[in-house]
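Below, each chain spelled out in residue letters.
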Amino acid sequence: MIMPKGALGEGDAAMILEGPRLILRPLEDADATEFAAMNGDAAVMRHFVKPLDFAASEALRARIAAHIAAHGFGFWGVFRRDAPGLVGMVGLLRVAFEARFTPNVEIGWRIAAAHQRQGYAEEAARIALATGFGPLRLPEIVAWTIPDNEPSWRLMEKLGMRQDGTFEEPRIPEGHPKRLQRLYRITRAEWVRSRMG
């Protein structure tokens, strides 16, 4: 079940999530420039259809804020405890299209180039999973990426997610090389078992 609207509303203390090195919180207007720089970086966006310009990045930030307001969770901005600046975004979103694995909630991440390969994506993703399966009590969480994005699907496996074939991402045009995606999923029961050893 997904937490009803208002249970974890935008601005609530529960929406600020903390880990050993990181704080996850809703993105703010003050984060817009750094957020757009990350989304416009060709290296960061190499596994996506294309980088985003500032207007597209702001539209994405607005959609994320609307999702948090409607559902009580979404993609959070990721920040280090010991330094200013945006590390990336990680979080949970309702899947916005119909597929064999929907309705469902996806976990996703995007880390700025300067902060990659330092374990931030894993730490933040584990915080997001714990929120999804803990207070939100989601029954399952899914993730996907293109087959060539080995770092991302390796992280999915490290998180305990299991591969469940492939699918064509309907928001990507037919014939596009990035339309084919590897699907991963994990149930709440599987997550609980993994936590118990």
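Enquirer: Report on the side chain of His47, specifying residues and quantitative values.
Expert: The topology assignment puts His47 in the loop between α1 (32–39) and α2 (54–71). Within polar-contact distance, the side chain of His47 engages the side chain of Asn149 at 3.4 Å.

Enquirer: Let's hear about the sheet that holds strand β4 (residues 86–94): which residues, and what values?
Expert: Pairing is mixed across the open sheet formed by 8 strands, whose spatial order is β1-β2-β3-β4-β5-β6-β8-β7. Two strands bound the open sheet, and with one partner strand each, they are β1 (17–18) and β7 (162–168). When strand β6 (residues 140–145) meets strand β8 (residues 180–187), the two strands line up antiparallel, connected through 6 bridges. Bridging across to β8, Glu140 finds its partner in Thr187. In the packing of α1 onto the sheet, contacts are made with β4 and β5 (105–111), and the angle to β4 comes to roughly 80 degrees. Packing against the sheet, α2 makes contact with β3 (75–80), β4 and β5, and its axis sits at approximately 50 degrees to β4.

Enquirer: How would you summarise the pattern of salt bridges if you had to cite specific residues and measurements?
Expert: Tallied over the entire structure, the rule returns 17 salt bridges. Linking Asp31 and Arg25 is a salt bridge whose minimum nitrogen-to-oxygen distance equals 2.8 Å. Side by side, Asp31 and Arg25 carry an identical accessibility label, which is buried. A salt bridge links Glu190 to Arg162, with the shortest nitrogen-to-oxygen separation between them at 2.8 Å. Remark: Arg162 occurs in strand β7 and Glu190 occurs in helix α5 (residues 188–195); sequence separation between them is 28 residues. Using a relative accessible area of 21% as the deciding quantity, one classes Glu190 as partly exposed. Taken together, the shared-partner salt bridges in this structure form one network comprising Arg100, Glu140, Asp164 and Arg185.

How each quantity is defined
Residues numbered from 1 in each chain as written. Predicted model: local features only at pLDDT ≥ 70, side-chain atom pairs only at ≥ 80, totals over all residues. Heavy atoms only, no water. Helix = DSSP H or I, 4+ residues; strand = E, 2+ residues; numbered from the N terminus. Polar contact = N/O pair within 3.5 Å; in protein donor to acceptor, adjacent residues only side chain to side chain. Pairing = 2+ DSSP bridges. Contact = heavy atoms within 4.5 Å. Axes fitted to C-alpha atoms, helices over the stretch in contact; angles between N-to-C directions. Salt bridge = Lys/Arg side-chain N within 4 Å of Asp/Glu carboxyl O. Buried < 20%, exposed > 50% of the residue type's maximum accessible area, 1.4 Å probe, protein only.

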